[in-house]
Amino acid sequence: MRMTDHLTLLRCVEGLAAGTAAGAAHFAALRWNARFFAAGRIGVALGAQAVRCVLTALLLFALARAGVAALLAGMAGLLLARHAVLRQTVRAR
């Protein structure tokens, strides 16, 4: 294996880990955010949603700067976290 292959693999692992962690936080905060909307605290809910989305966008921007492999792995991590949070939410009902 060449050094660039190792670096690409490392970027994929880092992207997957960062995407999974950020996705878990993003989608867990979505539940919290929905409670603000349901309670009628629209201003707080919109502010929390903006912060949540901006932080996720910043992560994706950083991963894009690291390379396509890191970005794709990060997006895969976000989707894995989304699936896990949705599965946990459905079981809790």
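Residue numbering note: each chain is counted from 1, following its sequence as written. Totals for whole chains, interfaces and linings use every residue, but because this is a predicted model, local features are given only for residues with pLDDT of at least 70 and side-chain atom pairs only at 80 or more, for both listing and counting. The basis for every side-chain value is the complete set of non-hydrogen atoms in the structure, without hydrogens or water.

Participant: Can you help me understand the packing of helix 2 (residues 42-66) against helix 3 (residues 68-92) in this one?
Facilitator: Helix-helix packing is described using two parameters, namely the angle between the two axes and the distance between the axes. To get an axis, fit a line to the C-alpha atoms, keeping to the stretch in contact for a helix; angles then go from 0 to 180 degrees between the N-to-C directions. Helix numbers and strand numbers start at the N terminus; a helix is a DSSP run of H or I with at least 4 residues, a strand a run of E with at least 2. At a minimum axis distance of 7 Å, the contact between helix 2 and helix 3 shows a crossing angle of 145°. Facing Thr56, Leu60, Leu63, Ala64 and Ala66 of helix 2, the residues of helix 3 in contact are Ala70, Leu71, Gly74, Met75 and Leu78. Contacts are residue-level and defined by heavy atoms, with any inter-residue pair within 4.5 Å sufficient.

Participant: Is there a simple way to explain the packing of aromatic side chains in this structure?
Facilitator: Working definition: an aromatic ring pair is given by the centre-to-centre distance plus the angle between the planes. Side-chain rings of Phe, Tyr and Trp (the six-membered ring for Trp) are treated as a pair once their centres are within 6.5 Å; stacked means planes under 30 degrees apart, edge-to-face means over 60, and tilted covers the remaining angles. Per the stated rule, a full pass over the model turns up one aromatic pair. Ring centres 5.0 Å apart and planes at 65° place the aromatic pair tryptophan 32 and phenylalanine 36 in the edge-to-face group. In this pair, tryptophan 32 and phenylalanine 36 both sit in helix 1 (residues 3-38), four residues apart, roughly one turn of the helix.

Participant: Before we go on, may I ask you to explain a nonpolar patch on the surface in this structure?
Facilitator: Exposure above 30% relative accessible area and the absence of a salt bridge qualify a residue for a patch, where like charges join within 9 Å and nonpolar side chains (Val, Leu, Ile, Met, Phe, Trp, Tyr) within 5 Å. Only the protein chains shown count as cover for residues, and all accessible areas are computed by the Shrake-Rupley method using a 1.4 Å probe. For this document, the term salt bridge refers to a Lys or Arg side-chain nitrogen within 4 Å of an Asp or Glu carboxyl oxygen. Together, Val51, Val54, Leu55 and Leu58 line one region of the surface with nonpolar side chains, adding up to about 370 Å² of accessible area. Position of valine 51 among the secondary structure elements: in helix 2.

Participant: Explain the environment of alanine 34 here, please?
Facilitator: Along the chain, alanine 34 falls in helix 1. Throughout, exposure labels follow a simple rule: accessible area from a 1.4 Å probe, protein chains only, divided by the maximum for the residue type, with under 20% read as buried, over 50% as exposed, and the rest as partly exposed. Judged by relative accessible area, which is 41%, alanine 34 ranks as partly exposed. Along the sequence, alanine 34 and histidine 6 sit 28 residues apart, while their C-alpha atoms lie 42 Å from each other.

Participant: Would you explain the pattern of salt bridges in this entry?
Facilitator: Close approach of charged atoms allows side chains with opposite charge to pair. Tallying each qualifying case throughout the model produces one salt bridge. We note a salt bridge from glutamate 14 to arginine 11, for which the minimum N-O separation is 3.1 Å. With glutamate 14 and arginine 11 both in helix 1 and three residues apart, this pair spans about one turn of that helix. Exposure remark for glutamate 14: the relative accessible area of 39% places this residue in the partly exposed category. Looking at arginine 11, the relative accessible area reads 30%, which means it is partly exposed.

Participant: Explain the side chain of arginine 52 to me, please; I cannot follow it from the model alone.
Facilitator: Relative to the assigned elements, arginine 52 resides in helix 2. Despite its burial, arginine 52 pairs with no opposite charge; the closest candidate is glutamate 14, at 24 Å N-O. Contacts of arginine 52, omitting those with residues within four sequence positions, involve His26, Ala29, Leu30 and Asn33. We count Lys and Arg on the positive side and Asp and Glu on the negative side, and we leave His and both chain ends out.

Participant: Explain helix 3 here, please?
Facilitator: Counting along an α-helix, one turn takes 3.6 residues, and residues three or four places apart therefore face a common direction. Any helix carries an expected span of 1.5 Å times its number of residues minus one. Helix length check: helix 3, at 25 residues, gives a terminal C-alpha distance of 36 Å against a target of 36 Å (1.5 Å per residue), a fit within 8%. Among all positions in helix 3, only Ala70, Ala73, Gly74, Gly77, Leu78, Ala81 and Val85 are buried.

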